[in-house]
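Here is how the chains run, residue by residue.
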Amino acid sequence: GQTRRELAELLAAEGDLAGARRALDEAVALYPGQPHHLLAAARIRLAGTPTAADRSEALALLRRSLEASATIRQQSVKLTEQERAEAERLA
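Residues numbered from 1 in each chain as written. Predicted model: local features only at pLDDT ≥ 70, side-chain atom pairs only at ≥ 80, totals over all residues. Heavy atoms only, no water.

Trainee: An account of the overall build of the protein chain is needed here, citing residue identities and associated values.
Mentor: Helix and strand counts for the protein chain stand at 5 helices and 0 strands. N-terminal to C-terminal, the α/β element order of the protein chain is α-α-α-α-α. Since a compact globule built from 91 residues should have a radius of gyration of about 12 Å, the 12 Å found for the protein chain is in line with a globular shape. Scored against the burial criterion, the 91 residues of the protein chain give a buried share of 34%. Taking the contacts inside the protein chain whose residues are at least 6 apart along the sequence as the reference set, 52% of them involve residues at least 24 apart. Approximately 5,500 Å² of the protein chain is accessible, and the part contributed by carbon and sulfur atoms is 51%. The positive charge centre, built from 13 side chains, and the negative charge centre, built from 13, are 5 Å apart in the protein chain. (Helix = DSSP H or I, 4+ residues; strand = E, 2+ residues; numbered from the N terminus. Rg over C-alpha atoms; globule rule 2.2 N^0.38 Å. Buried < 20%, exposed > 50% of the residue type's maximum accessible area, 1.4 Å probe, protein only. Contact = heavy atoms within 4.5 Å. Areas by Shrake-Rupley, 256 points an atom, 1.4 Å probe, with all protein chains shown as cover. Lys, Arg positive; Asp, Glu negative; His and termini not counted. Charge placed at Lys NZ, Arg CZ, Asp CG, Glu CD.)

Rendered as structure tokens:
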């Protein structure tokens, strides 16, 4: 999952938002409760010119990210305060 998320960052930096989205969707499919993957998937849906469907999907992913971060026990997997604030602002 982490490798897919890193690939998505590289693809997004190259301007390949569709490829980045596919890589993040794969990361979320592999680890559906990982808050960082969910947040990254939400961010990519809001990149470029998001459609209403993109915004709706992003909101759902942001909510899942916040819920997962609140219930997970490992501190290293939780969203940072900055990431949590960003997710709450976007949600």
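Trainee: I'd like to hear about the pattern of salt bridges, residue by residue, with values.
Mentor: Counted by the stated rule, this structure contains 6 salt bridges. We note a salt bridge from Arg-45 to Asp-25, for which the minimum N-O separation is 2.7 Å. One end of the pair, Arg-45, is in helix H3 (residues 35–46); the other, Asp-25, is in helix H2 (residues 17–30), and 20 residues separate them in sequence. Glu-86 is the partner of Arg-43 in a salt bridge, and the nearest nitrogen-oxygen pair spans 2.6 Å. In this pair, Arg-43 is assigned in helix H3 and Glu-86 in helix H5 (residues 81–90), connecting sequence segments 43 residues apart. Salt bridges here are not isolated pairs; linked through shared partners, they connect Arg-21, Asp-25, Arg-45, Asp-54 and Glu-57. (Salt bridge = Lys/Arg side-chain N within 4 Å of Asp/Glu carboxyl O.)

Trainee: Provide a residue-level description of the side chain of Ser-65, including the pertinent values.
Mentor: Positionally, Ser-65 belongs in helix H4 (residues 52–71). Residue classification places Ser-65 among the buried positions, given a relative accessible area of 0%. Separated by 3.0 Å, the side chain of Ser-65 and the backbone oxygen of Pro-35 make a polar contact. (Polar contact = N/O pair within 3.5 Å; in protein donor to acceptor, adjacent residues only side chain to side chain.)

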